[in-house]
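Here is what each chain is made of, one letter per residue.
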Amino acid sequence: MTMSVGRSFSALLGSCPLPWSRYEHIVLGHGSGGQLTAELIERLFLPELANPLLAAQEDQANLAWPGGLSGAARLAFSTDAYVVRPPFFPGGDIGSLAVHGTVNDLAVGGARPLYLSAAFILEEGLLLADLQRIVASMGRACAACGVTLVAADTKVVDRGKGDQVYITTSGIGLIPDGLNLSIHKAQPGDKLLVSGTLGDHGVAILSVREGLEFEAALDSDSAPLHDLTRVMLEACPTIRCMRDPTRGGLASALNELALASHVGIQIRERTLPVRPAVRAACEMLGLDVLHVASEGKLMAVVPPAEADRLLDVMRCHPLGRESAVIGEVVAEHPGTVVMESLAGGKRIVARLSGEQLPRIC
Amino acid sequence: MKYIAEYRQASLVERLVELIRAEATQSWTVMEVCGGQTHAIVRYGLDHLLPEGIELVHGPGCPVCVTPLETLDRAHAIAALPNVTFCSFGDMLRVPGSRTDLLQLKARGADVRIIYSPLDAVKLAAAQPDREVVLFAIGFETTAPTSALAIQLAQRGGLRNFSALVSHVLVPPAMTAILESPDNRVQGFLGPGHVCTVMGYTEYEAIAKRFQTPIVITGFEPVDLLEGLLCLVRQLESRRAEVENQYRRAVQREGNPRARQLVETVFEACDRAWRGVGTIPRSGLRLRESYAELDAERRFKVERMASSEPAVCISGSVLRGQRKPCECPAFGRECTPETPLGATMVSSEGACAAYYAYRREGQTTLGQAFRA
Amino acid sequence: MCLGIPGKVVATYSENDVLMGKVDFGGVLQKVCLEYVPQVQAGEYVIVHVGFALNIVDEAEAQRVFDYLRQMDQLDELGAPPP
């Protein structure tokens, strides 16, 4: 049998052929946390919504309150949407993820998280029992974090128009007087630390989606970091900034830091903590672990004299046992992140390009 | 991971670099054939560890990069059909055709699936008898046996809704074309490790002899690449031109006879256009007549499309080892992985993509970082 | 040029008359087609490309580069030139 393809093809191209060097539609890569996401924010969102707080692109907005707030300098406010598929995965679910994620965005800014709101978009056909499990999980997560969910909304969309459930959470916290963490503050000489193994969450999700089986269960590392950040800041108030390397992985966080602070960054591949099974999964799927999301880890930038002490403090905390110093901030090659590879030669660590398509051939 | 981690040890890499340094008495230009080898060299910064005189030029061994434009345009046209489920390896999704790419077609509603194995396409065909399932069968000799088995299984299973768009390519004719070119600078080759796992390396003996060029069949890890390079340098220094096997843990001289046999049964050699390089005689594989019914090229008639490449793209010279990605005026500017002008920027094993990911704008900004 | 990863065969079985195996890649388990290495035994390592085992890893050969380099170090200590 033969088929004519002319008409369908033109229909899919649209009435005029796309200049194929530019996108007219959102593609999956726009959501990957890498280069395309950055461009979408910079070229589409910021120009329309221009204001210095948004433009700073911190993980949370650090707000002055008219009339001031007693006992605290500033309010922290953040929002995040959760569209993870599948909604239930090894080590967590979309509910607890939505709580931890926003708590962490506040925590890495030095804030004590206090209140959350949640908006649910539910797909027609979602099992009520599944929704129950998700919401119960959120309840437990909030209690464990000491935050209160004070406002919520639900909407339902037609079957096929939503991936079972999407959750958007917003959060408010308080930043103590005197703390002013920012990704614009890194200086040459500063040390870079991470609080534990990288890429666990992304690989746990991919493993379910791609049907990867593991010898020993590989769980997402989704966890709230507010207690870890509290002890870190108490021990070391001179921390310049912290970030949680979620979508786009550590590579995105490092590049954002290098660009915002106009500094270079040098890291060493052999110091990066990675679980062997995560390493193996990345190898097999042709993924760079630096581009894979973590959901219960943070990166911290600290003056060199404080690094060893901070490392000890982190390692004493249950969520920081595998903390490591992975590199430093340098004056050379500002805006660029360079890694010394396992074999000794050097390479650049760039942000993820497009969607992370598994390498095959 | 066993058989991987050991081959990345910095101490061994250092040792091999020392040996190369000690034994190379003059400048040599060598080519690593496979995209996977290029990727490893750039990712681990191996070429920067070598003495100044040893130049590594990148070869055309990236099947995604060399898939002809006409084939891509045909693939896109087929994928656009409403009753087609188009199955492709992930790498091909962003490769630009004359007007679009598979990812953009997917964004606009085409049923494009990423597969890890050609067997996934066969399973899809069995599960969806009312859909036309098309396997985009690209790759070198390494992948040909996997397509061959998938196609044979589909035929045996009576899956009338399965077909394959075949665009396999062969390495030896490409190496010959490079060596025959009047402006060839390549004096030795790091040969394709996984291709030879399937094919063995007897075909390379004739090439080495005819062109008096040494060829060392090499693996993909830093220790493999440097050991292969050491063997090559030794041959060059002593004016030998033989085929050696560095990748002995995975390659035997006769390759995998079973795999070769099935490839012979399903495919036959044909002329093939290599994107950016031109037509190389007998350098491709196509389905034999006995499998004509499963040939997507025959099943889906496509209007002649005007295929056109952007003038500024230098993919061709990059694939032939004549220029480096950073020498391209569009590199990192108009041409990025998000907005690629050529396949070498899109394929994860394309030289331009590797430079973009691991090197960026030329060597000057990085010079100080890498020598630091 | 094609991603070929070594993994250990932990089990073999037949699926729709096709020889398949369960292969362990450093902790990740995958189904792999073993039609091209029908003689493989559990415990052996194979090179896998797009879900197919293409060859069995020769473990003795795998060891050789390390022995060779170790030899080089010993020769160095003795002050002998490389062979």
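As the structure is a prediction and not an experimental result, all values here were calculated from the model.

> Honestly, the sheet that holds strand 3 (residues 74-82) of chain A in this entry has me stumped. Any pointers?
Across a sheet, paired strands are connected by hydrogen bonds in the backbone, their directions being either parallel or antiparallel. Residue and element names in this part refer to chain A. Here five strands make up an open sheet; going across it, the order is 2-3-8-6-7 and the pairing mixed. Looking at the sheet topology across the chains shown, the edges are occupied by strand 2 (61-63) and strand 7 (148-157). Taking each pair of neighbouring strands and ignoring which way they run, the sheet shows an average axis angle of 15°. As paired elements, strand 6 (residues 112-123) and strand 8 (residues 165-175) share ten bridges and run antiparallel to each other. Bridged to Ser117 within strand 8 is Ser170. Against the sheet, helix 5 (residues 128-145) engages strand 6, strand 7 and strand 8, with an angle of about 175° to strand 6.

> It is not clear to me how the domain arrangement of chain B should be interpreted in this structure. Could you clarify?
Where interface size is quoted, it is often the accessible area lost as the parts come together. All names here are of chain B. With domains assigned, chain B is organised as domain 1 (5-62 + 171-245), domain 2 (65-169 + 255-299) and domain 3 (315-358). Taking only C-alpha atoms, the centre of domain 1 and the centre of domain 3 are 21 Å apart. Counting residues at the interface gives 16 residues for domain 1 and 13 residues for domain 3. Of all the elements in the fold, those that place two or more residues in the side of domain 1 that touches domain 3 are helix 2 (35-43) and strand 2 (54-61). With six residues, the top contributor of residues to the side of domain 1 that touches domain 3 is helix 2.

> Just to check I follow, could you spell out the interface of chain C and chain A for this structure?
Taken residue by residue, the interface counts ten residues in chain C and 16 residues in chain A. Taken together, the residues of the side of chain C that touches chain A sort by class into seven nonpolar, two polar and one charged.

> Could you clarify how one ought to interpret the sheet that holds strand 8 (residues 215-218) of chain B in this entry?
Residue and element names in this part refer to chain B. One open sheet holds the five strands; their spatial order is 2-1-7-8-9, and the pairing between them is parallel. The open sheet terminates on both sides in strands that have one partner only, identified here as strand 2 and strand 9 (243-245). Ignoring strand direction, the axes of neighbouring strands in this sheet form an average angle of 25°. Here strand 1 (residues 28-34) runs beside strand 2; their pairing, made up of six bridges, is parallel. Residue pairing in the sheet places Trp28 in a bridge with Ile54 of strand 2.

> Sorry, what's going on with the confidence of the model for chain B here?
Note: predicted coordinates in regions of low pLDDT should not be interpreted at a detailed level. Residues and elements named next belong to chain B. Predicted confidence across chain B gives a mean pLDDT of 90, with 96% of residues reaching 70 or more. The least confident element of chain B is helix 17 (residues 364-371), whose mean pLDDT is 41; the most confident is strand 8, at 98. Note that pLDDT drops below 50 for residues 361-372; the model gives that stretch 17 contacts with residues more than four away or on any other chain.

> Would you mind showing me how to read helix 9 (residues 276-285) of chain A here?
In an α-helix, one turn spans 3.6 residues; hence positions three or four apart end up facing the same way. Residues and elements named next belong to chain A. Most of helix 9 is tucked away, with eight of its ten residues classed as buried. Buried within helix 9 are the following residues: Ala277, Val278, Arg279, Ala280, Ala281, Cys282, Met284 and Leu285. Following helix 9 by one or two positions, Gly286 adopts a phi angle in the positive range, close to 70°.

> How do you make sense of unusual backbone geometry when you look at a structure like this?
Glycine aside, residues mostly have negative phi, and peptide bonds are mostly found in the trans state. Following Arg85 of chain A, the chain continues into Pro86 of chain A via a peptide bond in cis, with omega recorded as 5°. Even without glycine at this site, Gln164 of chain A takes up a positive phi of about 70°. By the secondary structure assignment, Gln164 of chain A is in the loop between strand 7 and strand 8. Since 19 C-beta atoms lie within 10 Å of it, Gln164 of chain A is described here as partly exposed. Non-glycine residue Val50 of chain C carries a positive phi angle of around 40°. Here Val50 of chain C is to be found in the loop between strand 4 (45-49) and strand 5 (52-56). Overall, Val50 of chain C belongs to the buried group, with 26 C-beta atoms counted inside 10 Å.

Quick notes on the rules
- Position numbers for residues count from 1 along each chain, tracking the sequence in the order it is written.
- Numbering of ligands from 1 and lettering of chains from A proceed in the order in which they are written.
- In view of the model being predicted, local features appear only for residues whose pLDDT reaches at least 70, and side-chain atom pairs are presented and counted only at 80 or more, with totals across whole chains, interfaces and linings using the full set of residues.
- Pairing between strands requires that DSSP locate at least two bridges from one strand to the other.
- Secondary structure is summarised from DSSP: a helix means a run of H or I of at least four residues, a strand means a run of E of at least two, and numbering begins at the N terminus for each.
- Angles shown run from 0 to 180 degrees and are taken between the N-to-C directions of axes, each axis being a line fitted to C-alpha atoms and, for helices, limited to the stretch in contact.
- We call two residues in contact if the C-beta atoms placed from their backbones are at most 7 Å apart.
- Here the limits of each domain have been adopted from an automatic or database domain assignment.
- Under this grouping Gly is polar, as are all residues other than the nonpolar Ala, Val, Leu, Ile, Met, Phe, Trp, Tyr, Cys and Pro and the charged Asp, Glu, Lys and Arg.
- The quantity known as pLDDT measures the predictor's confidence residue by residue, on a range of 0 to 100.
- Neighbour density around each residue's C-beta defines its exposure: 20 or more other C-beta atoms within 10 Å make it buried, 12 or fewer make it exposed, and counts between make it partly exposed, where C-beta atoms are placed from the backbone.

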